[in-house]
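Understanding the architecture of this molecule
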Amino acid sequence: FVCSSSNLAAANFMSSIIERPDTIPLIGKSGWLDVTMITYNQMEDVGLKVVAPLFMQTNTNDYLDLRSSMMSYFKIMPTKDHYLGYEMMTLLGSMMHTYGRYFQEGFRKDGFQEGKLTKGFQYGNQRSNQILPIVEVVESELVDVNNQDK
């Protein structure tokens with residue numbers, strides 16, 4: 001696991017893995033997906049896996065509908081913050097509808113909460129989401145390869 005978010009470090013690690021005659025698993029941070037010096041083909045060839053807590057599948061109906069609505073109403077392309085805000089508001093709204101003002105109790109009782117745009121949420125007695133997508137490039141598409149039990 002390489003915990004650096006540096007574009008230079010990401011490019012250096014990728015090139016050193018590509019040059020090796022054998023293969024070793026390489027796991028990086030989600031920021032590596034935005035490094036312009038590394039192509040998706042290179043990521044796929046190396047088998048790079050990326051820890052991406054905010055990963056969203058961009059080809060789902062919910063994602064495409066939200067993008068279309070934002071573009072038609074506001075005339076702008078939504079940012080990642082728009083999508084995350086929508087995800088948070090739908091989750092909290094659903095929890096408040098079900099549990100009222102003490103909605104946080106629902107996280108302990110219900111366990112896994114499916115997300116609209118993300119994989120979902122599972123807090124239990126923890127203070128952070130226990131669902132952690134691990135993303136890999138497969139046939140030039142980003143795919144969550146972490147099949148956690150819910």
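In the block above lies the structure referred to throughout.
For the structure given in this document, a descriptive report is provided here.

Calculation criteria
- Residues numbered from 1 in each chain as written.
- Predicted model: local features only at pLDDT ≥ 70, side-chain atom pairs only at ≥ 80, totals over all residues.
- Heavy atoms only, no water.
- Phe/Tyr/Trp six-rings, centres within 6.5 Å; stacked < 30°, edge-to-face > 60°.
- Helix = DSSP H or I, 4+ residues; strand = E, 2+ residues; numbered from the N terminus.
- Buried < 20%, exposed > 50% of the residue type's maximum accessible area, 1.4 Å probe, protein only.
- Core = buried A, V, L, I, M, F, W, Y, C linked by side-chain atoms within 4.5 Å.
- Contact = heavy atoms within 4.5 Å.
- Patch = residues over 30% accessible without salt bridge, like charges linked within 9 Å, V, L, I, M, F, W, Y side chains within 5 Å.
- Areas by Shrake-Rupley, 256 points an atom, 1.4 Å probe, with all protein chains shown as cover.
- Salt bridge = Lys/Arg side-chain N within 4 Å of Asp/Glu carboxyl O.
- Polar contact = N/O pair within 3.5 Å; in protein donor to acceptor, adjacent residues only side chain to side chain.

Considerations on the packing of aromatic side chains
Overall, the coordinates contain three aromatic pairs when judged by the stated rule. A ring pair is formed by Tyr63 and Tyr83, whose centres lie 4.2 Å apart and whose planes are at 15 degrees; its orientation type is stacked. Of the two residues, Tyr63 sits in helix 3 (residues 61-74) while Tyr83 sits in helix 4 (residues 80-99), which places them 20 residues apart along the sequence. Judged by relative accessible area, which is 11%, Tyr63 ranks as buried. Tyr83 gets classed as buried once you look at its relative accessible area, which sits at 4%.

A closer look at the nonpolar core
Counting residues in each nonpolar core, the largest one holds 18 residues, and the members touching the most others are Met14, Leu26, Trp32, Ile38, Met43, Leu48 and Leu142. For this core, the secondary structure elements donating two or more residues are helix 1 (7-19), helix 2 (40-46) and strand 5 (134-138). At three residues, the largest contribution of residues to this core is made by helix 1. Not counting the four nearest positions on each side in its chain, Met43 is found in contact with Met14, Trp32, Leu33, Ile38, Leu48 and Val137. Among the nonpolar cores identified, the runner-up in size contains six residues, and Tyr63, Leu66, Tyr83 and Leu117 belong to it.

A word on a nonpolar patch on the surface
A grouping of Tyr73, Phe74 and Ile76 is seen on the molecular surface, where their side chains present a nonpolar patch of about 360 Å² in accessible area. Locating Ile76 in the fold gives a position in the loop between helix 3 and helix 4.

As for unusual backbone geometry
The residue Lys75 is not glycine, and still its phi comes out positive at about 65 degrees. Mapped onto the fold, Lys75 is located in the loop between helix 3 and helix 4. Phi at Ser140 is positive, roughly 65 degrees, even though this residue is not glycine. Among the secondary structure elements, Ser140 is positioned in the loop between strand 5 and strand 6 (141-144).

Overview of the side chain of Thr118
With respect to the helices and strands, Thr118 occurs in the loop between strand 3 (112-114) and strand 4 (120-122). Looking at Thr118, its side chain comes within polar contact range of the side chain of Glu87, at 2.6 Å. When near neighbours in sequence (up to four residues on either side) are disregarded, Thr118 contacts Phe55, Met56 and Glu87.

Focus: the pattern of salt bridges
Close approach of charged atoms allows side chains with opposite charge to pair. Scanning all chains against the criterion turns up three salt bridges. Between Lys49 and Glu136 there is a salt bridge, with its nearest N and O atoms 3.6 Å apart. Taken as a pair, Lys49 in strand 2 (residues 49-51) and Glu136 in strand 5 lie far apart in primary sequence, 87 residues in all. On the basis of relative accessible area, Glu136 is assigned to the buried category, the value being 17%.

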